[in-house]
Amino acid sequence: MSQAWVLGQRALREAWRTPEALVPTLFIPLFFLVVNVGQAGKIFPAASTEFLKGQGYGAFQLPASLLLAASFGTAALFLVEDIEGGYFDKLRATPIPRTSIVAGRLIAELAKGLLIATLIVLLGLVFGISIASGVLGFLLLILLTALWSCVFVGFMQLIALKTRSAAATNSGGLVFFPLLFLTPNFVPRDMLTRPMEIAASINPVTYVMEALRSLILDDLDWERIGRGFLVVAVLGAIMVALNVRMIRHYD
C-alpha cells in the first residue's frame, strides 16, 4: 500500500501542475445541467411533478452532471505520457506489486473525483437544490461519484495500455455518452418506452444514477444506494483485475 500511496502522490502532483485540465471537467457538466433544465424545466414543474418530490428539475438532472464530470478519464492520458516517455517501463522493472501501479493512479483519481463532485454539489446547493438525505446523504453522494470516476478511468487505462495512444484513449472516453443516454436521464425508468426501459435496466450506469438521484430526492433509500455501490464495487474489481493482467502481459 505504501508504494501505491507514493505513486498516487506523484499522480496528484501531475494533476496539480495542469489545473487547466479540470476546467472542462467542471464546465461541460454544468453546461449540460443548465441546458437540460432550461429545455425541460417548464415541462416538469416542481409543484405538479410527482417524481421531483417537491424539488426543481435541476435536482433530478444533477446526478447526470455528476456522472459526466466523473467520466473524463484524464488519468489515463497521463498514463499514456508515462508510456511514451519511458517511465512506465522503468516502473514495471521495479519490484513492486502490479496492483500498486494500478492503485496509484486510482488514488489520485479518487481525490480529484471527491473535489469535483463536492464543487458541483455545492454549486447545486447555491442554486436551490437540496439533499433530502441530509449530511450523510451528501457524503455518500460525493463518495459514490468519486468511486465511479475511479472505475471509469480504470477502464480508460485499459485502452491506454492496449493502444499506447493519447488520441485513441481520448476517443475511447466517448463511449460514456451512449451509456449516459441509455439511462433514465430525463425521466424515471418507469416512464421510458419499453425498449428504452430494457436498455436502461441492463446498463450498469442506470443503478449508479438512480442511487445518486435517491440521495438527492429521497431520505436514505438503502436498497437503491446499495445497488449503486454494488455496481461500482463489482465493476471496480473487474477493472483492477483486467488492469493488473494487462500490465503483467505488457510487452
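Here the residue numbering is sequential within each chain, running from 1 through the sequence in written order. Restriction of local features to residues with pLDDT of at least 70 applies here, the model being predicted, together with a cutoff of 80 or more for giving and counting side-chain atom pairs; totals for whole chains, interfaces and linings are based on all residues. Where side-chain values are given, they derive from all heavy atoms of the structure, hydrogens and water being excluded.

1. What to know about helix α7 (residues 134-163)
For clarity, the threshold we go by: The helix and strand labels rest on DSSP assignments: H or I over at least four residues marks a helix, E over at least two residues marks a strand, and numbering proceeds from the N terminus. Take the number of residues in a helix, subtract one, and multiply by 1.5 Å to get its expected span.
With 30 residues, α7 extends 44 Å from end C-alpha to end C-alpha; this agrees with the ideal 44 Å at 1.5 Å per step. Backbone geometry just after α7 places R164 at a positive phi near 55 degrees.

2. Remarks on a nonpolar patch on the surface
To keep things clear, this is the line we draw: Exposure above 30% relative accessible area and no salt bridge define the residues that can form patches, which grow by joining like charges within 9 Å and nonpolar side chains of Val, Leu, Ile, Met, Phe, Trp and Tyr within 5 Å. Only the protein chains shown count as cover for residues, with accessible areas throughout obtained via the Shrake-Rupley method and a probe of 1.4 Å. Salt bridge, as applied in this entry: a Lys or Arg side-chain nitrogen positioned within 4 Å of an Asp or Glu carboxyl oxygen.
Taken together, L174, F177, F181 and F186 make up a surface patch of nonpolar side chains, about 350 Å² in accessible area. Structurally, F186 can be placed in the loop between α9 (176-181) and α10 (194-201).

3. What about the packing of aromatic side chains?
Basically, it comes down to this: When two rings of Phe, Tyr or Trp (its six-membered ring) have centres within 6.5 Å they constitute a pair, described as stacked for plane angles under 30 degrees, edge-to-face for angles over 60, and tilted for the intermediate range. With a 1.4 Å probe rolled over the protein chains alone, any residue whose accessible area is under 20% of its type maximum counts as buried; one over 50% counts as exposed, and the rest are partly exposed.
This structure, assessed with the given rule, holds eight aromatic pairs. Seen in terms of ring centroids, W148 and F152 are 6.5 Å apart; in terms of plane orientation they differ by 35 degrees. Their pairing is tilted. Separated by four residues within a single helix, W148 and F152 lie in helix α7, roughly one turn from each other. Classification of W148 by relative accessible area gives buried; the value is 5%. Counting every residue linked through ring pairs, the aromatic cluster contains F44, F51, Y57 and F60.

Any functional reading would require information that these geometric values do not contain.
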